[in-house]
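Inside the fold
If you want the building blocks of each chain, they are given just below.
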Amino acid sequence: MSYETLLVEQRGAVTLITINRPQALNALNAQVLADMSAALAAYDADPTQHCAVVTGSEKAFAAGADIKQMADKEAADFFLEDFFSGWTSHVAATRKPWIAAVAGFALGGGCELAMMADFIIAADTAKFGQPEIKLGVAPGMGGSQRLTRAVGKAKAMEMCLTGRMMDATEAESAGLVARIVPASDLLDEALKTAATIAAMPPMAAMINKEMVNLAFESTLTQGLVAERRMFQILTATEDKKEGMAAFVEKRAGVWKGR
Ligand code: CO8
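The rules behind the values
Residues numbered from 1 in each chain as written. Predicted model: local features only at pLDDT ≥ 70, side-chain atom pairs only at ≥ 80, totals over all residues. Heavy atoms only, no water. UniProt positions renumbered as here; feature names shortened; annotations may be inferred. Buried < 20%, exposed > 50% of the residue type's maximum accessible area, 1.4 Å probe, protein only. Helix = DSSP H or I, 4+ residues; strand = E, 2+ residues; numbered from the N terminus. Pairing = 2+ DSSP bridges. Axes fitted to C-alpha atoms, helices over the stretch in contact; angles between N-to-C directions. Contact = heavy atoms within 4.5 Å.

The protein chain appears in an unreviewed UniProt entry as enoyl-CoA hydratase from Sphingobium fluviale. Looking at the protein chain in UniProt, the text filed under Sequence similarities (unreviewed entry) is "Belongs to the enoyl-CoA hydratase/isomerase family."

This is the structure:
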């Protein structure tokens, strides 16, 4: 399947999705949303694929929602279209693990897209920001919520109110990114990490993802009960029997994915 705004390829069990609108620094328009939703749905549905990497270019992961597409719209248009709700209902709802590999600008919707991923690996050139205030608006794809959960109120508030960018070093020390790598190694490192995840028992990977995400939605007591139940459910899988037998027999596990 080919996409107007994305390049998608499979590398073994890893799906690599590259945003490809260089003329607009990968700004996210309705076509990117449609393509990304379709590509991640195809990834979720493909039993041979177990981790995905979403990346951009050297200069920009994505420089935000497409300002030119939004400039002439009125409030009623945004409301009636439920503008960009698909980033939440489709992209962020991906059930299998995916990593954002970020080089260059990840601004506005670009930063928000990166934060929808399960984690971010950043090139040393990465710059994160929520500059919407400079356009007379505010984040609309999760920035005020996910950035605050990731880096805490002080930094999130400062970034949203001033529009300043955070470089990769600050983003790592603030907890926004899992780790920083040299820009020239970004794709290799992200694909290597994705391959490690893809080699894990797939149901266990999906449930680990679901449980960590639940930590942002539940009380500690509810989260601990859900975690225990999920652990108990996973013990009914064939991969649990195989994983524990493989450990005892000192060999690598061979996963059935169920
Ligand atoms: N939208 C559309 N086009 C863009 C965008 C964008 N976000 N960013 C860059 N471009 C275009 C430029 O217009 C330019 O096109 P052209 O060559 O035709 O003039 C081309 O990309 C290259 O950009 P620059 O010449 O500006 O490149 P520079 O290296 O000089 O600057 C910057 C790079 C600093 C990244 C600069 O382009 C910039 O500030 N971009 C805008 C960043 C921004 O404000 N992002 C936030 C957008 S708003 C948003 O994301 C809201 C999300 C929530 C929406 C959901 C609502 C419910």
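So, next bit.
1. A few points about the pairing of strand S5 (residues 98-102)
Of all five residues in S5, five are buried, a share of seventy percent or more. Both faces of S5 are covered, namely the face carrying Trp98, Ala100 and Val102 and the face carrying Ile99 and Ala101. Bridge count between strand S3 (residues 51-55) and S5: four bridges; the pairing is parallel. Looking across to S5, one finds that Val54 is bridged to Ala100. One ladder, built from four bridges, connects S5 with strand S7 (residues 119-123); its direction is parallel. The residue bridging Ile99 from the neighbouring strand is Phe119, located in S7.

2. Considerations on the sheet that holds strand S10 (residues 179-181)
Spatial ordering of the open sheet is given by S1-S2-S3-S5-S7-S10, a layout of six strands whose pairing is mixed. Each end of this open sheet is capped by a strand with a single partner; those strands are strand S1 (6-11) and S10. Along the sheet, successive strands turn relative to each other by an average axial angle of 20°, direction set aside. When S1 meets strand S2 (residues 14-19), the two strands line up antiparallel, connected through six bridges. The residue of S2 that forms the bridge with Val8 is Ile17. Taken strand by strand, helix H5 (residues 109-116) contacts S2, S5 and S7, and its axis lies near 145° from that of S5.

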